[in-house]
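Examination of the molecular architecture
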Amino acid sequence: MTTPRAAGFHMPAEWAPHAGCWMIWPERPDNWRLGAKPAQAAFIAVASAIARFEPVTMLASARQYENARATLPPEIRVLEMSSNDSWCRDVGPSFLRGPNGELGGVDWIFNAWGGLKGGLYFPWDLDDQIAGKILGLERARRFRAPRVLEGGAIHVDGEGTVLVAEQCVLNENRNEGITRAAMEAMLRDYLGVSQIIWLGNGVPGDETDGHVDNLACFVTPGKVLLSWCDDPADPHHAVSRDAEARLKVARDAKGRALEVVRMPMPTPMFITAEEAAGVDATLSGMNRAAGERLAASYVNFYIANGAIIAPAFGVETDAAAHGVLARLFPEREIVMVPAREILLGGGNIHCITQQQPKINDKV
């Protein structure tokens, strides 16, 4: 057993060239309303948008394979694979690049965002197998991590720096008794980073215990986009200010101060009674009750080859978010996809996608 760092592997930035994107077809009726049909339409829209710029592979269960194949565009590859839900960012591998251009990946232990201490569903065994299966399909070197972590809990700049949030990464429901020093050592060993920047809490109401990909992300080395709230009555007001203060005193792995760009928080959105009624009631830990605030964020986007695939919510802040992204990524096409149905399931576009870096000019 060796670590990625010892073997010379590191995680490249999300804006590095991609060989493709991985997704998982939604079907879970206690998470996705109306038998997941609206969510499937949203996933098709996201996959189709990404497929304009890079290859997309959709994983689907045996019972949903024919439906996925029939409804997805023919250019999207569909593979049969079992899963418990459809969050490829969290259950798929964090892909790595080796010293000679080899493809590798971290297979994190997955426990459904909290295991038996607040996790969102049980069992989660099929999801915990996804990363290893994808790495096997790609004949990539697999590094099984010794602790629980999800892909949405990290964001790297590709130059040795990673963003994480204390609320999630140090949560006892992931790794009981974990210390900051132990987690930092694991992040260095498995991502090939040298600098960890700690934020505090994530977006209020995020049932992943505050994934960083809903709060902040690198857009280039030295520049971070932060979900921002100007309303003092909103709980995210204090969260965004604490995050900005931490970012402004931080230094990245190259010793640079960080430029922080504010992304407006979406207009507050809540689960409607009709939406709540469409979800099957079970004993899962997912709260889909009418009136619950949705943990929406425009930071939860996917960087594709030549494009940004970002969520649109049909609210007044959509236009401002498009403007911010267009200024930050002038060389990329900004494609905003209706994403409320994904948000109703507890995440967004970044959460349902996983980029695979291009290796040795292989496409």
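Use the structure listed above.
Quantities reported herein were computed from a predicted structural model and do not represent experimental measurements. (Residues numbered from 1 in each chain as written. Predicted model: local features only at pLDDT ≥ 70, side-chain atom pairs only at ≥ 80, totals over all residues. Heavy atoms only, no water.)

Description of unusual backbone geometry
Residue Pro-123 is reached from Phe-122 by a cis peptide bond, and omega for that bond is 0 degrees. Looking at the element boundaries, Pro-123 is found in the loop between β5 (103-109) and α4 (125-137). With a phi angle near 60 degrees, Trp-113 is a residue other than glycine that sits in the positive phi range. Take Trp-113: it is sitting in the loop between β5 and α4. Phi at Arg-139 takes a positive value of approximately 50 degrees, unusual for a residue other than glycine. With respect to the secondary-structure elements, Arg-139 resides in the loop between α4 and β6 (141-148). (Helix = DSSP H or I, 4+ residues; strand = E, 2+ residues; numbered from the N terminus.)

Observations regarding the pattern of salt bridges
All told, the structure shown has 26 salt bridges when counted by the stated rule. For Arg-246, the salt bridge is made with Glu-166, and the minimal N-O distance between the two is 3.0 Å. A residue pair is termed long-range when its members are at least 10 positions apart, and Arg-246 in helix α7 (residues 235-249) and Glu-166 in helix α5 (residues 166-169) qualify at 80 residues. For Arg-246, a relative accessible area of 26% translates into the label partly exposed. Between Glu-275 and Arg-340 there is a salt bridge; the shortest N-O distance is 2.8 Å. Taken together, the residues span a long stretch of sequence, with Glu-275 in helix α8 (residues 273-277) and Arg-340 in helix α10 (residues 340-344) at a distance of 65 residues. (Salt bridge = Lys/Arg side-chain N within 4 Å of Asp/Glu carboxyl O. Buried < 20%, exposed > 50% of the residue type's maximum accessible area, 1.4 Å probe, protein only.)

Let's talk about the nonpolar core
Judged by nonpolar contacts, the single largest core of 78 residues is most densely connected at Leu-225, Phe-301 and Ile-309. With 8 residues, the single largest contributor to this core is helix α1 (residues 37-51). Discounting chain neighbours no more than four positions away, the residues touching Leu-225 are Leu-215, Ala-216, Cys-217, Val-219, Val-261, Arg-262, Met-263, Val-299, Phe-301, Val-324, Leu-325 and Leu-328. In terms of nonpolar packing, the next biggest core, distinct from the first, is built from 24 residues, Leu-96, Val-106, Val-164 and Trp-198 among them. (Core = buried A, V, L, I, M, F, W, Y, C linked by side-chain atoms within 4.5 Å. Contact = heavy atoms within 4.5 Å.)

Topic: the sheet that holds strand β15 (residues 333-338)
The sheet built from 3 strands is open, its strands ordered β13-β14-β15 with mixed pairing. The sheet is open, and its two edges are formed by β13 (302-304) and β15, each paired on a single side. Adjacent strand axes in the sheet meet at a mean angle of 30 degrees when their direction is disregarded. Bridge count between β13 and strand β14 (residues 307-312): 3 bridges; the pairing is antiparallel. Across the sheet, residue Ala-304 finds its bridge partner in β14, namely Ala-307. The sheet strands contacting α1 are β13, β14 and β15, and the helix crosses β15 at an angle near 170 degrees. Sitting on the sheet, helix α9 (residues 318-328) touches β14 and β15, and the angle it makes with β15 is about 150 degrees. (Pairing = 2+ DSSP bridges. Axes fitted to C-alpha atoms, helices over the stretch in contact; angles between N-to-C directions.)

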